[in-house]
Amino acid sequence: VSALVLWVSEALPIGVTALLAIAAQPVLQITTMNAAGARFMSPVFFFVLAMFLIAAVVHDSGLDQRFASWLLRRAGTDTRRVLLAFMIGSATLSTIVSDVPACAIWASLGLTLLRRDNCLPGRSNFGRALMLGIPIAAFIGGIGTPAGSSVNLLGLQLLKQFGDMEVGFLHWMAIGIPMVVVLIPFAWWVLIKTYPPEIENITAPPKEETRSLLSAPEKKTLGLLATMLTLWIASTWWPGPLNATMIAVLGSVAMFMPGFQLLRWDRAMQAVSWEALFMIGGITSLGVACRETGLAEWVVNHSLGGLASWHPFAIIATVSAVTVAIHLVIPILPAVTAVLVPPVVVLAQQTGLSPALFALPVVFTASCGFLLPLDAVSLITYGTRYYRMTDMLRPGIIISCAWVVAMTLLI
């Protein structure tokens, strides 16, 4: 509780709170310093580190700009189609790189477009819908694959620790991709109905000469991403020799090797959010402590124990809805996962069902942060002043309800 309060309030820097969570465990005689520190450096830590580096290479090579230009040329000037193009682009990019850089890239493109058409912050409905649609789409796209968000890998790691169960890359995609395909057009429709654009068409961008051929860095980056994705999918059947974290780390190392040389070490250090890495390490360590001290089982018995007699369909829907609502109290997505996964795994074990049946709705729905712009992803566009904090609530409630329904049916 103390760590959550400090993370949410940011009374201390996020990384400092993570270090405090490690040091406090031996002080409170929860475990030894060696054990607390070993849990800090989990595979999730290295996976997220690798994904920051991969996102930097996608940006530096120009692949993101090429993809954005290609998509917008096909959208035309109709504001509704442009909004849909931005949401598809943000979601697609977010399935491979993290949702945070995907949102940042498309937000910068959106700001350029809005300023060109004099869409003023606080007055333009099109600007409001666009700046809301980009982070919402990044959240949705982030659940398409396990690589789409650090929350995904953290949740899978906790499921493995608590439920002794692994979920394959392709098995995740069997749920994640249908979620993206259903929710992106629905979210677009909700935003259009909630905030109808005040202009029918945007000004056509000036015609520029576009490179018809891929540059050498773009070819290398595409080849590397294609290889990694192939190996990730293959890990569904060969989880032993092909580990998702191992593939991500080897892929990021390859970017520095002769022949690739896509990244320099000084640029890599700038691309990594050490704050996020420290927080994930602290949460992972606290999560193991919750299990080993019996706290997770205690939480189930005192708060979720009554659900054990319910039908699994009702339990999944309830768990998903609670995960959506808890974002108002705990707006940090990894913290939502760390708080809810251990208890629901214990709940599944008490009912004799697969731990994944109740844990996966939590891991997926941890990315459903549409009610208020409190997460790092939505705060990127909130800072543009095109919408107020409560403007996200109206479409966010409707999209969240659709999320819970889709999640329940797919699980």
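Residues numbered from 1 in each chain as written. Predicted model: local features only at pLDDT ≥ 70, side-chain atom pairs only at ≥ 80, totals over all residues. Heavy atoms only, no water.

Student: So, the overall build of the protein chain: which residues are in play, and what are the values?
Tutor: The helix and strand inventory of the protein chain stands at 20 helices and zero strands. Classification of the 411 residues of the protein chain by burial places 53% in the buried group. Counting only contacts in the protein chain whose residues sit at least 6 apart along the sequence, the fraction spanning at least 24 positions is 78%. Across the protein chain, the centroid of the 22 positively charged side chains sits 7 Å from that of the 19 negatively charged ones. (Helix = DSSP H or I, 4+ residues; strand = E, 2+ residues; numbered from the N terminus. Buried < 20%, exposed > 50% of the residue type's maximum accessible area, 1.4 Å probe, protein only. Contact = heavy atoms within 4.5 Å. Lys, Arg positive; Asp, Glu negative; His and termini not counted. Charge placed at Lys NZ, Arg CZ, Asp CG, Glu CD.)

Student: How would you summarise the environment of isoleucine 143 if you had to cite specific residues and measurements?
Tutor: Relative to the helices and strands, isoleucine 143 is located in the loop between helix H8 (125-141) and helix H9 (150-163). Separated by 95 residues in sequence, isoleucine 143 and valine 48 place their C-alpha atoms 15 Å apart. Dropping the residues within four chain positions of it, isoleucine 143 is found in contact with Asn152, Trp172, Gly176, Met179, Val180, Phe364, Ser367 and Trp403.

Student: Could you give an account of unusual backbone geometry, naming the residues involved and the relevant values?
Tutor: Residue asparagine 118 is not a glycine yet carries a positive backbone phi of 55°. Within the secondary structure, asparagine 118 is located in the loop between helix H7 (99-116) and H8. With a phi angle near 45°, glutamine 261 is a residue other than glycine that sits in the positive phi range.

Student: Hey, could you go over the pattern of salt bridges for me, with residue numbers and the actual values?
Tutor: When their charged atoms lie close together, side chains carrying opposite charge are able to pair. Enumeration according to the criterion identifies five salt bridges in this entry. Arginine 267 is the partner of aspartate 60 in a salt bridge, and the nearest nitrogen-oxygen pair spans 2.8 Å. Of this pair, aspartate 60 sits in helix H4 (residues 43-61) while arginine 267 sits in helix H13 (residues 265-271); the two residues are 207 residues apart in sequence, bridging distant segments of the chain. Exposure remark for arginine 267: the relative accessible area of 21% places this residue in the partly exposed category. Between aspartate 391 and arginine 388 there is a salt bridge; the shortest N-O distance is 3.6 Å. Take arginine 388: its relative accessible area is 59%, and that puts it in the exposed class. Linked through salt bridges whose partners overlap, the residues forming this network are Arg128, Arg388 and Asp391. (Salt bridge = Lys/Arg side-chain N within 4 Å of Asp/Glu carboxyl O.)

Student: Describe the side chain of serine 90, listing the residues and the values that go with them.
Tutor: Along the chain, serine 90 turns up in helix H6 (residues 79-94). Polar side-chain contacts of serine 90 include one of 3.0 Å to the backbone oxygen of isoleucine 134. (Polar contact = N/O pair within 3.5 Å; in protein donor to acceptor, adjacent residues only side chain to side chain.)

Student: Can you explain helix H10 (residues 169-194)? Please cite residues and give values.
Tutor: If you check H10, its first and last C-alpha atoms are 36 Å apart, about what 26 residues at 1.5 Å a residue would give, namely 38 Å. For H10, the principal kink sits at isoleucine 175 and spans about 25°; a proline, proline 178, occurs within the next four residues. (Expected span 1.5 Å × (residues − 1). Bend = angle between axes of the 7 residues up to and from the residue.)

Student: Can you lay out the packing of aromatic side chains for me, pointing to particular residues and giving the numbers?
Tutor: Applying the stated criterion to the full structure yields eight aromatic pairs. Aromatic pair phenylalanine 370 and tryptophan 403: ring centres 5.6 Å apart, planes at 65°, arrangement edge-to-face. Of the two residues, phenylalanine 370 is situated in the loop between helix H18 (355-365) and helix H19 (376-382) and tryptophan 403 in helix H20 (residues 393-410); the sequence distance between them amounts to 33 residues. Like phenylalanine 370, the residue tryptophan 403 is buried in the burial classification. (Phe/Tyr/Trp six-rings, centres within 6.5 Å; stacked < 30°, edge-to-face > 60°.)

Student: Give a detailed account of the packing of helix H5 (residues 63-75) against H7, specifying residues and quantitative values.
Tutor: Interhelical geometry of H5 versus H7 gives an angle of 50° and a closest axis separation of 11 Å. When the interaxial angle is binned, H5 and H7 end up oblique. Handedness of the H5/H7 crossing: right-handed. Along the contact surface, H5 presents Asp64, Gln65, Phe67, Ala68 and Leu71, while H7 presents Ile105, Trp106 and Leu109. Class assignment of the residues belonging to the contact of H5 with H7 gives a composition of six nonpolar, one polar and one charged. (Axes fitted to C-alpha atoms, helices over the stretch in contact; angles between N-to-C directions. Parallel < 35°, antiparallel > 145°, perpendicular 65-115°, else oblique. Left-handed = near helix turned anticlockwise from the far one by under 90°. Nonpolar A, V, L, I, M, F, W, Y, C, P; charged D, E, K, R; others polar.)

Student: How would you explain the nonpolar core if you had to name every residue and give the values?
Tutor: If you look at the biggest cluster of nonpolar residues, it comprises 132 residues, and the most contacted ones within it are Trp106, Ile140, Trp232 and Trp403. In terms of residues, this core owes the most to one element, H4, which gives 13 residues. The residues contacting tryptophan 106, other than those within four sequence positions of it, are Phe67, Ala68, Leu71, Ala85, Phe86, Gly89, Ser90, Leu93 and Ile134. (Core = buried A, V, L, I, M, F, W, Y, C linked by side-chain atoms within 4.5 Å.)

Student: Please provide a residue-by-residue account of a nonpolar patch on the surface, values included.
Tutor: Residues Leu12, Val16 and Leu20 make up a contiguous nonpolar surface patch of roughly 220 Å² in combined accessible area. A relative accessible area of 42% places leucine 20 in the partly exposed class. (Patch = residues over 30% accessible without salt bridge, like charges linked within 9 Å, V, L, I, M, F, W, Y side chains within 5 Å. Areas by Shrake-Rupley, 256 points an atom, 1.4 Å probe, with all protein chains shown as cover.)

Student: So, the packing of H6 against H7: which residues are in play, and what are the values?
Tutor: In the contact formed by H6 and H7, the axes pass within 8 Å of each other and the chain directions differ by 155°. What the angle tells us is that H6 and H7 run roughly antiparallel. Classified by chirality, the crossing of H7 by H6 is right-handed. Contact with H6, carried on its side by Val82, Ala85, Phe86, Gly89, Ser90, Leu93 and Ser94, involves Asp99, Ala102, Cys103, Ile105, Trp106, Leu109, Gly110 and Leu113 of H7 and no other residues of that element.

Student: Residues and numbers for the environment of phenylalanine 126, please.
Tutor: You can see phenylalanine 126 is positioned in helix H8. Residues phenylalanine 126 and arginine 115, spaced 11 residues apart in sequence, show a C-alpha to C-alpha distance of 12 Å. Residue contacts for phenylalanine 126: discarding those within four places in its chain leaves Thr79, Val82, Leu113, Leu114, Cys119, Pro197, Glu198, Ile199 and Ile202.

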